[in-house]
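If you want the building blocks of each chain, they are given just below.
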Amino acid sequence: MKKIALLLVFTMVLTTVSAQTKKKQILLFGSFHFENPGLDVAKVNTFNVMSDKSQKELENMTNKIKKFGPDKIFIEWNYQKQAKLDQFYAKNTDSLLKNDSDEIVQIALRSAKKLGHKKLYGIDYKGADFPYDSLVKGMKEAGQLDLIKRNDETMKHYETDFNTKITKYSLTELLLDINTKASNGDNLQWYLETAIKGGKTDNFVGAFLVSEWYRRNLYMYALIQKLTESKDDKIMVLLGAGHTAMIREFVKHNPEFEIVELATVLK
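Residues numbered from 1 in each chain as written. Predicted model: local features only at pLDDT ≥ 70, side-chain atom pairs only at ≥ 80, totals over all residues. Heavy atoms only, no water.

In the nomenclature of an unreviewed UniProt entry, the protein is known as DUF5694 domain-containing protein of Flavobacterium piscisymbiosum.

What about the overall build of the protein?
For the protein, the count of helices and strands is 12 helices and five strands. Taking all 267 residues of the protein together, 46% fall into the buried category. The contacts in the protein between residues at least 6 apart in sequence include a share of 81% that link residues at least 24 apart. Summing over all exposed atoms, the protein offers an accessible surface of approximately 14900 Å²; the carbon and sulfur share of this is 55%. (Helix = DSSP H or I, 4+ residues; strand = E, 2+ residues; numbered from the N terminus. Buried < 20%, exposed > 50% of the residue type's maximum accessible area, 1.4 Å probe, protein only. Contact = heavy atoms within 4.5 Å. Areas by Shrake-Rupley, 256 points an atom, 1.4 Å probe, with all protein chains shown as cover.)

Quick word on the nonpolar core
Among the nonpolar cores identified, the biggest contains 38 residues, and Phe29, Phe32, Ile75, Ile107, Leu120 and Leu171 are the most heavily contacted of them. At six residues, helix H5 (residues 103-115) tops the list of elements feeding residues into this core. Residues contacting Ile75, with those up to four places away along its chain left out, are Leu85, Ile104, Ala108, Leu120, Tyr121, Gly122, Ile123, Asp124, Leu238 and Leu239. By size, the runner-up hydrophobic cluster in this structure holds 32 residues, among which are Ala195, Phe250, Val251 and Phe257. (Core = buried A, V, L, I, M, F, W, Y, C linked by side-chain atoms within 4.5 Å.)

Thoughts on the packing of aromatic side chains
Within a pair of aromatic rings, the relevant descriptors are the distance that separates the centres and the angle that separates the planes. Evaluation of the coordinates by the stated rule reveals 14 aromatic pairs. Each ring, one from Tyr125 and one from Tyr219, has its centre 4.4 Å from the other, and the planes form 55 degrees; the classification is tilted. Of this pair, Tyr125 sits in the loop between strand E3 (121-124) and helix H6 (132-141) while Tyr219 is found in helix H10 (residues 205-227), placing the two residues 94 residues apart along the sequence. By relative accessible area, which is 16% here, Tyr125 ends up buried. Residue class for Tyr219 comes out partly exposed when judged on its relative accessible area of 36%. With 6.1 Å between their ring centres and 75 degrees between their planes, Phe130 and Trp213 make a pair best called edge-to-face. One end of the pair, Phe130, is in the loop between E3 and H6; the other, Trp213, is in helix H10, and 83 residues separate them in sequence. (Phe/Tyr/Trp six-rings, centres within 6.5 Å; stacked < 30°, edge-to-face > 60°.)

Quick look at the packing of helix H7 (residues 145-168) against helix H9 (residues 181-194)
Pairs of packed helices are described in terms of their axes, by the angle between the two and the distance that separates them. Contact geometry for H7 and H9: axes closest at 11 Å, N-to-C directions at 170 degrees. One way to sum up the angle between H7 and H9 is to call them roughly antiparallel. Of H9, the residues touching H7 (which contributes Leu147, Arg150, Asn151, Thr154 and Met155) are Trp190, Glu193 and Thr194. Classifying every residue of the contact of H7 with H9 by side-chain character gives three nonpolar, three polar and two charged. (Axes fitted to C-alpha atoms, helices over the stretch in contact; angles between N-to-C directions. Parallel < 35°, antiparallel > 145°, perpendicular 65-115°, else oblique. Nonpolar A, V, L, I, M, F, W, Y, C, P; charged D, E, K, R; others polar.)

Remarks on helix H8 (residues 171-178)
Of all eight residues in H8, six are buried; the element is thus mostly enclosed. Of the residues making up H8, those classed as buried are Leu171, Thr172, Leu174, Leu175, Asp177 and Ile178.

Considering the side chain of Arg110
Along the chain, Arg110 falls in helix H5. Ignoring any residue separated from it by four or fewer positions in sequence, one finds Arg110 in contact with Gln55, Leu58, Glu59, Thr62, Leu97 and Val105.

As for the sheet that holds strand E5 (residues 257-260)
Backbone hydrogen bonds are what pair the strands of a sheet, in a parallel or an antiparallel way. Sheet architecture is open: five strands sit in the order E3-E2-E4-E1-E5, paired in parallel fashion. Single-partner strands in this sheet number two, and they are E3 and E5. Between one strand axis and the next, the sheet turns by 35 degrees as a mean value, whatever way the strands run. As judged from the seven bridges shared by strand E1 (residues 24-31) and strand E4 (residues 234-240), these two strands associate in the parallel manner. Its bridge partner lying in E4, Ile26 is registered against Ile235. Contacting E1, E4 and E5, helix H2 (residues 52-68) runs over the sheet at an angle of about 165 degrees to E1. Docked against the sheet, H10 engages strand E2 (72-78), E3, E4 and E5, running at close to 150 degrees with respect to E3. (Pairing = 2+ DSSP bridges.)

Set out below in structure tokens:
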């Protein structure tokens with residue numbers, strides 16, 4: 001009985017301490033690739049973020065990020081090349097903003113400079129595999145015709161949907177749309193409903209691809225936690241929308257963090 005009573009007291013103390021601990025706010029900023037190198041499976045058109053209209057929107061967005069006040073900004077840059085990122089960050093900002101359309105420059109660097117940050121933090125992990133060609137081959141060898149059809153339709157739908165939106169939406173509207181709960185769900189659905197089934201019963205190429213995708217994102221999430229110090233009350237994570245959808249799922253299970261929606265910051 002004494003052991004049970006002590007356990008109950010210990011549990012109550014932990015609960016109380018947890019409730020009293022101020023949560024760190026994390027702004028998950030999912031983006032599409034502004035420069036669009038064409039490396040993603042789905043091929044989409046490029047949105048012109050260097051137009052006068054988009055540049056004004058970016059100024060407005062980053063002013064609101066400054067008001068939110070993240071203590072650190074994490075980006076999709078190889079964590080093993082932090083020294084190169086530090087050199088990149090130290091370059092002439094005005095020149096970069098006028099000549100480099102990458103979202104790291106236009107959103108992260110622009111925001112960090114306004115906030116007076118000394119650096120950006122690279123958290124991307126490049127050691128994971130993404131054997132998409134092997135996945136498609138495995139589907140064909142397994143005779144998974146319905147799965148191949150679903151995969152093709154999913155990719156085509158994403159391409160058509162995005163390419164239609166960039167002709168109608170402003171940059172702000174497009175980024176807000178990418179960060180909705182529906183879009184986050186779509187990013188995960190392909191992995192867990194389509195890709196994972198690829199291959200014969202003794203060929204786990206689909207599950208391997210999914211596990212590698214999880215591994216890359218888990219490693220990034222691990223770096224976010226390792227690099228976030230006790231003094232940091234707010235952080236911002238700028239990654240491709242597929243990555244932020246994953247990070248969002250991980251954060252849900254971490255009582256130390258609370259997610260701040262992009263729509264709340266940009267309102």
